[in-house]
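# Structural overview
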Amino acid sequence: MLVLKGVGLHDECAFYMRGKEIMIDMKDIVALCKRRGFIFAASDIYGGLNGFWDFGPLGVELKNNLRDQWWKSMVITPPLGLDGKPVQIVGLDSAIIQNPKAWIASGHVGGFSDPMVDCRETKKRYRADQIIVLVPKDTEGSWLAFEEGTDELLKRKKMVKFWGSNILNTATLLTKFDISDYDKIIAPDAKKAGTLTEPRQFNLMLDTYPGVVRDDAHKAYLRPETAQGIFLNFKNVVDSSRVRIPFGIAQIGKAFRNEVTPRNFIFRSREFEQMEMEWFCEPDEAKKWHEFWIEERKNWWRSMGLTSDNILMRPHDADELAHYAKEGLGTYDVEYKFPFTDPGFGELEGIAHRCDFDLKAHQEHSGQKLEYFDQPNNKRFIPHVIEPAAGLTRGVLALICEAYTIDETRPSGCYLNFLPALAPKKAAILPLTAKDEHVPIAQKLYMELREEFPVDLDIKQNIGKRYARQDEIGTPYCFTIDNDTLSDSTVTVRDRNTMKQERINLDNVAKYLREKIKPVS
Ligand code: ATP
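Residues numbered from 1 in each chain as written. Predicted model: local features only at pLDDT ≥ 70, side-chain atom pairs only at ≥ 80, totals over all residues. Heavy atoms only, no water.

### Some thoughts on the overall build of the protein chain
Test applied: We count a stretch as a helix when DSSP gives it H or I for four or more residues in a row; a strand needs E for two or more, and each element gets its number in order from the N terminus. Remark: exposure states derive from per-residue accessible area (1.4 Å probe, protein chains only) relative to the maximum for the residue type, with buried under 20%, exposed over 50%, and partly exposed in between. The Shrake-Rupley method, run with a 1.4 Å probe sphere, supplies the accessible areas, and residue values consider only the shown protein chains as cover.
When its secondary structure is counted, the protein chain shows 16 helices and 28 strands. Here the protein chain holds 521 residues, and 52% of them are scored as buried. With the model as given, the accessible surface of the protein chain reaches about 24400 Å², and the carbon-plus-sulfur share is 50%.

### Side note on the side chain of Thr492
Filter applied, for reference: Identification of polar contacts relies on pairs of N or O atoms within 3.5 Å, with a donor-acceptor requirement for protein atoms, meaning one able to donate a hydrogen and the other able to accept it, and with residues adjacent in sequence counted only if both atoms are side-chain atoms. The contact criterion used is simple: two residues touch if any of their non-hydrogen atoms lie within 4.5 Å.
Checked against the element boundaries, Thr492 lands in strand β27 (residues 490-495). You can call Thr492 buried: its relative accessible area is 7%. One polar contact links Thr492 to Arg503, side chain to side chain, over a distance of 3.1 Å. If we skip the residues at most four places from it in the chain, Thr492 touches Cys478, Phe479, Thr480, Asp482, Gln501, Glu502 and Arg503.

### Observations regarding the confidence of the model for the protein chain
For clarity, the threshold we go by: The quantity known as pLDDT measures the predictor's confidence residue by residue, on a range of 0 to 100.
Of all residues in the protein chain, 83% have pLDDT values of 70 or greater, and the mean over the chain is 86. In this model residues 1-20 is a low-confidence stretch, pLDDT under 50, and it forms 55 contacts with partners more than four residues away in sequence or in other chains.

### Some thoughts on the site of the ligand
Rules: Residue proximity to a molecule or strand is established when one non-hydrogen atom of the residue lies within 4 Å of it. Under this grouping Gly is polar, as are all residues other than the nonpolar Ala, Val, Leu, Ile, Met, Phe, Trp, Tyr, Cys and Pro and the charged Asp, Glu, Lys and Arg.
Close contacts around the ligand come from 15 residues, with Arg257, Glu259, Arg268, Ser269 and Glu347 the closest. One of the backbone N or O atoms of Phe267 is found 3.3 Å from a nitrogen atom in the ligand. Between the ligand and Arg394 there is a distance of 3.0 Å, counted from an oxygen atom to a side-chain nitrogen or oxygen. The fraction of the free accessible surface of the ligand (590 Å²) that becomes covered by protein chains is 83%. Breaking the shell around the ligand down by element, the ones donating at least two residues are β15 (271-281), β18 (346-355) and β21 (384-391). Its residues assigned to classes, the shell around the ligand shows five nonpolar, three polar and seven charged.

### A few points about the packing of helix α3 (residues 57-76) against helix α10 (residues 286-303)
This is how it is decided: Note on method: axes are straight lines fitted to C-alpha atoms, helices fitted across the in-contact stretch only, with angles between N-to-C directions ranging 0 to 180 degrees. Crossing handedness follows the turn of the near helix against the far one: under a right angle anticlockwise gives a left-handed crossing, and clockwise gives a right-handed one.
Interhelical geometry of α3 versus α10 gives an angle of 145° and a closest axis separation of 12 Å. Seen along the crossing, α3 lies across α10 with a hand that is right-handed. Contacts between α3 and α10 pair Leu66, Gln69, Trp70, Ser73 and Met74 from the former with Trp293, Arg297, Trp300 and Trp301 from the latter.

### Focus on unusual backbone geometry
Note that the residue after Ile245, namely Pro246, is joined by a cis bond; omega there is 5°. Here Asn264, not a glycine, exhibits a phi torsion of approximately 55°, which is positive. Relative to the helices and strands, Asn264 resides in the loop between β14 (247-256) and β15. Although it is not a glycine, Gln461 adopts a positive phi angle of roughly 80°. With respect to the secondary-structure elements, Gln461 resides in the loop between β25 (455-457) and α14 (463-473). By relative accessible area, which is 52% here, Gln461 ends up exposed.

### Section: the sheet that holds strand β7 (residues 125-127)
The line we're drawing: Only when DSSP finds a minimum of two bridges between them are two strands counted as paired.
The three strands are arranged β7-β6-β11 in an open sheet whose pairing can be described as antiparallel. Strand pairing shows two members of the sheet lacking a second neighbour, β7 and β11 (200-203), which therefore form its edges. Adjacent strand axes in the sheet meet at a mean angle of 50° when their direction is disregarded.

### Quick look at the sheet that holds β18
Pairing is mixed in the open sheet, where seven strands are placed in the order β5-β14-β15-β21-β18-β17-β16. The sheet is open, and its two borders are formed by β5 (89-92) and β16 (311-315), each paired with just one other strand. Put simply, the sheet's adjacent strands are angled 20° from each other on average, direction ignored. Here β16 runs beside strand β17 (residues 331-336); their pairing, made up of five bridges, is antiparallel. Bridging from a neighbouring strand, Arg314 pairs with Asp333 of β17. Across the face of the sheet, α3 comes into contact with β5, β14 and β15 while running at roughly 160° to β14.

### Quick look at the nonpolar core
Which entries qualify depends on this criterion: For the purposes of this section, nonpolar cores are sets of buried Ala, Val, Leu, Ile, Met, Phe, Trp, Tyr and Cys residues that join through side-chain atoms within 4.5 Å. Annotation comment: domain bounds sourced from an automatic or database domain assignment.
Ranked by size, the top nonpolar core spans 59 residues in total, and within it Phe38, Trp293 and Trp301 carry the most contacts. Two domains each donate at least three residues to this core, and these are domain 1 (56-112 + 207-402) and domain 3 (410-516). The next biggest cluster of nonpolar side chains, apart from the first, holds 19 residues, and it includes Leu449, Leu506, Leu513 and Ile517.

### Comments concerning the pattern of salt bridges
Where we set the bar: When a carboxyl oxygen of Asp or Glu lies within 4 Å of a side-chain nitrogen of Lys or Arg, that pair is called a salt bridge.
Applying the stated criterion across every chain yields a total of 30 salt bridges. The shortest N-O distance in the salt bridge between Asp118 and Arg125 comes to 2.7 Å. Taking the shortest distance from any N to any O, the salt bridge between Arg503 and Asp484 comes out at 4.0 Å. Here the residue Arg503 occupies a position in strand β28 (residues 501-505), and Asp484 occupies one in helix α15 (residues 483-488), the gap between them amounting to 19 residues. For Arg503, a relative accessible area of 33% translates into the label partly exposed. Exposure remark for Asp484: the relative accessible area of 38% places this residue in the partly exposed category. Here the salt bridges do not stand alone but share partners, grouping Glu225, Arg354, Asp358 and Glu387 into one network.

### Thoughts on the pairing of β18
When you tally the buried positions in β18, you get nine out of 10 residues, the bulk of the element. Sheet topology places β17 next to β18; six bridges connect them, and they run antiparallel. Pairing of Asp333 across the sheet is with Gly350, part of β18. Where β18 and β21 come together, six bridges link them in antiparallel fashion. Looking at β21, one finds that Ile351 is bridged to Pro388.

### Quick word on α14
Note on helix geometry: an α-helix contains 3.6 residues per turn, so any two residues three or four positions apart are oriented the same way. Within the span of α14, buried status applies to Arg466, Tyr467, Ala468, Gln470, Asp471, Glu472 and Ile473. Positive phi appears at Gly474, one or two residues downstream of α14, with a value of about 80°.

### A closer look at the environment of Phe280
Inspection of the secondary structure assignment puts Phe280 in strand β15. In sequence terms Phe280 and Ile382 are 102 residues apart; their C-alpha atoms lie 9.1 Å from each other.

Here's what the structure looks like:
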């Protein structure tokens, strides 16, 4: 067995941001999220619950802002389509629990599972396709397995580069090597080799029993994705609205997956939110629309402030195709370089070409016709579907990681560089002292601004501490009322990123903010 020593965590978390090599430790981001009220462990006072998280006062604002941006870009002002005219997309909010037959038709009951391996020694369970196996080239029998995303793995990957070895996952290993090779794999936390079982399937849907009877006949599921609610309502939407092909139906909402290894903060949780849109089009046009949405979605994530270096578009390999995509038309992922995936990337969104799989399956299982009638050409057909499926909670994590900027020159040591349009608070109003003369002016300004923007009025503590707090929560502007305000009616504006200060007239503050907090284009 190989023993590795002396590789520090920080060596492995180097994370390339804004042209500067900066060390980011995920623990610092998690601590900031708790300290400032972005994200808490669910049931924190009872020790938490693995895979569940609560969004605090600022986290919910940030999440709502990202959600609203998505809704605006899909439903309110959708993009211009292939003919240069705005495309048509309508919204939906379907139930979390649907008739369980829907999940049989969709393939989730039969196929929505991950291959799992158990460790006989530690009793831990891992996803077989995420345990990475390092195979040293000199093959002296030294095989090691580590779970994707763990600090241990990051260390080993670096060492592997050094040895010039190969990296495989256990799922690939199964197809390439004899099962007896399992004897040589050392599981992530195990002491001896050969403790992993062969992979087994594990269904990811959480079940529940609506009503009083708790038996298999009454079992229902918490939806593992929002997409199926859209397919179930395809006919309702076509019959009740004036949509004509091509068109989309968009939905944002909670999804639940009994993930075997929830981890990396809110990246992989058991309850999360998705933003999904199903784009229904003519089969012949599906390829063009697939390309269209791949481009649109990449640009959208960039417009949310994720820099190009940290965003990657990746086509799925043949062996990762989902149960609906066996025909090979494929999925493209928008991936983001999170600190814990660095130097690799983690999925933010998948843009899948689902053919007519879902509508056809629901038509077969429900006995209801789910064809579209094209009146001008007098033809009926089942539309093909392009699905951009994004994670809202994962998106929030990407925004926080991207915004997290270390700056040792300021008291907070860091600040969150959110786009003003996404920042939970757009401005803070700070009377320099809690003295009587400063406070009423601050209160008046606050009452005016809050009609238009989410703003903070923060009166107590020294001004340095108050700036530090606003830096840490990513507030782009601070307006300070001081003695000069009393004589010339001007206030100080402090810019979060540059820390530069300028004076503007009190009457111009709202106009100033309006110009600065531009909608995302
Ligand atoms: P992964 O490979 O990471 O498990 P997936 O390919 O199964 O993701 P999809 O079914 O395509 O994910 O779901 C669409 C999006 O929903 C993902 O891109 C991701 O952003 C989000 N998502 C999926 N599972 C989770 C989860 N357990 N926690 C948080 N977000 C998730």
